[in-house]
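# Close look at the chain arrangement
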Amino acid sequence: MRAAVLEATIAELTQTGYAALTVDGVARRAGVHKTTIYRNWSDSDRLVADALAGHFATDVPIPDTGAVEGDLRELARALVATMTTPAGRALLTTVLSDAVRVPRLAEIKNALFDDRFRRAEPVVTRAVERGELPAGTDPAELLRTLAAPIYFRLVFTGEPVDDTTADRAVRITLAAAHAHALPAV
């Protein structure tokens, strides 16, 4: 039941958006009574937060191509692939529109980013050990730099986001790292 409700919540977010999401709609889609939902989640904000956390907390495979450029390319392309899905767009819309009003959504957003950075940190650590990145390169800063051009297009400009965008983000990130333009650890 829990999995069905959380899956239905993501589907409702994708179809209707956060503002129009109702417990009735989720219950109908999940094939449960709305009292079942209220017994497990006190309100729709908690339901949405749990659904987003569960959907995006799946393990992100950490690439190990033997070269930092290949690893970062795979990470950037995976980000593009995830965030251009209907569920990815629903996540963006939800956390950007209501994270200030709903503290639990802000917590989920922060936890998702922290988790992604922590999981991808070995990519940077290995690259520093191989001499491909300067000693002291801050993994979180490098990964923020990698993600920034992608999120800028997704959130602010609405320009197309594809593998070319991901590859360009990799080149920008590596140039910044090699120019010592990123803060060090």
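Heads up: the structure comes first, above all this text.
Notes on the structure follow. (Residues numbered from 1 in each chain as written. Predicted model: local features only at pLDDT ≥ 70, side-chain atom pairs only at ≥ 80, totals over all residues. Heavy atoms only, no water.)

## Brief notes about the side chain of Asp-167
Heads up, the condition is: Working definition: helices are DSSP H or I runs of at least four residues, strands are E runs of at least two. Numbering for both runs from the N terminus. For each residue, the accessible area found with a 1.4 Å probe, counting protein chains only, is set against the maximum for its type, and the residue is called buried under 20%, exposed over 50%, and partly exposed in between. Throughout, a contact is declared for two residues whenever any of their heavy atoms are within 4.5 Å.
For Asp-167, the position within the fold is in helix H9 (residues 163-178). Residue classification places Asp-167 among the buried residues on the basis of a relative accessible area of 17%. Leave out the neighbours within four places in its chain, and Asp-167 touches Arg-73 and Arg-77.

## Some points on the packing of aromatic side chains
To keep things clear, this is the line we draw: Working definition: rings of Phe, Tyr and Trp (its six-membered ring) pair if their centres are within 6.5 Å, and the pair is stacked with planes under 30 degrees apart, edge-to-face with planes over 60 apart, and tilted otherwise.
Applying the stated criterion across every chain yields a total of three aromatic pairs. Here the aromatic rings of Phe-113 and Phe-117 are separated by 6.3 Å at their centres, their planes lie at 40°, and the arrangement is tilted. Of this pair, Phe-113 and Phe-117 both sit in helix H7 (residues 103-129), four residues apart, roughly one helical turn. Residue Phe-113 is classed as partly exposed on the basis of its relative accessible area, which comes to 33%. Relative to Phe-156, the ring of Phe-152 lies with its centre 5.6 Å away and its plane at 40°, an arrangement referred to as tilted. Here the residue Phe-152 and the residue Phe-156 both occupy positions in helix H8 (residues 139-157), the gap between them amounting to four residues, near one helical turn. For Phe-156, a relative accessible area of 64% translates into the label exposed.

Worth remembering: the numbers are spatial, not functional.
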